[in-house]
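# Topology and contacts: notes
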Amino acid sequence: MNNLRQIGKKIIVSLLHSLQRGTIWIIILSLLFISIGFITTVKPAYRISSSVITHWTSQVDSSVFIHLLGMENKQYTKMNYSDDIQDLSMTDLLIELTTNIRPNDVRSLLGREIPSFYAYDQKIIVAGEGIDYTALPIESSPPLDVVLEERDATVDEEETDKEPEEEGEKQKEPESEHTTGENKVVFIYNTHNRESFLPHLDGVKDPNLAFHKEVNITKVSDHLAESLEKKGIGTQVDHTDFTSVLNQKGWEYWQSYDASKPIVEEALAGNSKINYVFDLHRDSRRREDTTSTIDGKDYASLFFVIGSDYSNNEKNVALATKLHDQIEEKYPGLSRGVSQQGGAGRNGVYNQNLSDNAILIEVGGVDNTLTELYRSADVLAEVFSNYYWDAEAVQEDS
């Protein structure tokens, strides 16, 4: 009889434990369903945006995601990845998630402690010759009153619109056999539209003062558009003075992309044919870093910049990389590379979330002349037109 009682007690205790565990699981599942329901029904303004998730995950090394995928599909662990993919360290991962510091990257620590060190917290996608983290583009952010200041400038348009004649005569550039007709498929604008060049600013030697209302990067955009039109590619150029927009709104210079974003949105909404968006800038680096000599002629170097603080930027990266590769194939040394920029101290989006084919292009630096800049714009038009018509041919065949 005592044995039966003991057995009965054990059964009751076991049932109670099972009931407790079952209750816990029911509570967990209920909370899960409630959370999912809240996330899917809450107003968009209160949801966690994709940009926030992108910012969180961007701090985690890519090897972590490879290992997570491998936990579900063993084929991922059997594939041959580059040597950059390291074994997963749970200790390092825990440190990254809790402190936002990567143990194997000293920049993630020093960038928060040393002023301006965050400038090196970038990712080089493709490095041109001699390019490392110390040679990446510098985006200045001067006080707005410095940009607005009146300065004298000198430009010989006749000289900068043509190349020196070779052997007494320069052959006329043939017209393209292709054309987009009346369609404008490329949109060009300049977020930092007053970025100028010291050789054309009378008496200005300080690179931090290289700004002008008329003689600036917008002239390069106009020349690029003309070159693209000669290649049969319809191009729309925006001439908004975003510096004046900032001044009217009482904004700071670092808010320039907030000022230019509505213009890009308006252009895309008003013309469904636009498929490529180029934001042209000039680098703040000096001549030795921004000039390439090819066949005895000086060119303003090019650098392609992609933002890292928005999701689904793979196509933007692919376009920039393709253009870099094709430029390097025909004009070695002209393109300095492709980089991803974001995080503290940077916009990190650059309006590139508005189009899969939006890229920021640094054309030359503060010491380059318009002659050098125009040469590089012609090269960019040549390479891009080849890329564009090849892509169009593939679409027609598919």
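Residues numbered from 1 in each chain as written. Predicted model: local features only at pLDDT ≥ 70, side-chain atom pairs only at ≥ 80, totals over all residues. Heavy atoms only, no water.

## Examining the packing of aromatic side chains
Under the definition given, this model contains 11 aromatic pairs. With a centroid separation of 5.7 Å and 25 degrees between ring planes, the pair formed by Phe187 and Tyr189 is classed as stacked. The two residues Phe187 and Tyr189 agree in class, both being buried. Here the aromatic rings of Phe211 and Tyr253 are separated by 6.3 Å at their centres, their planes lie at 80 degrees, and the arrangement is edge-to-face. Taken together, the residues span a long stretch of sequence, with Phe211 in the loop between strand E2 (186-189) and helix H9 (218-230) and Tyr253 in the loop between helix H10 (242-249) and helix H11 (256-270) at a distance of 42 residues. There is no split in this pair, since Phe211 and Tyr253 are both buried. Members of the aromatic cluster, each reached through a chain of ring pairs, are Tyr276, Phe278, Phe384, Tyr387, Tyr388 and Trp389. In this structure, Lys249 packs its charged tip against the face of Trp251, placed 5.1 Å from the ring centre. Over the ring of Phe211 we find Arg282, and its NZ or CZ is 5.4 Å from the ring centre. (Phe/Tyr/Trp six-rings, centres within 6.5 Å; stacked < 30°, edge-to-face > 60°. Buried < 20%, exposed > 50% of the residue type's maximum accessible area, 1.4 Å probe, protein only. Helix = DSSP H or I, 4+ residues; strand = E, 2+ residues; numbered from the N terminus. Lys NZ or Arg CZ within 6 Å of the ring centre and 35° of its normal.)

## Comments concerning the pairing of strand E9 (residues 358-363)
By the criterion of burial, E9 is predominantly enclosed, with 6 of the 6 residues buried. Burial of E9 is two-sided: the residues Ala358, Leu360 and Glu362 facing one way and the residues Ile359, Ile361 and Val363 facing the other way are all buried. Looking at chain direction, strand E4 (residues 276-281) and E9 are connected through 5 bridges and run parallel. Each residue of the ladder has a partner; that of Asp279, found in E9, is Leu360. Bridge count between strand E7 (residues 302-307) and E9: 4 bridges; the pairing is antiparallel. Bridge pairing in E9 places Leu302 opposite Val363. (Pairing = 2+ DSSP bridges.)

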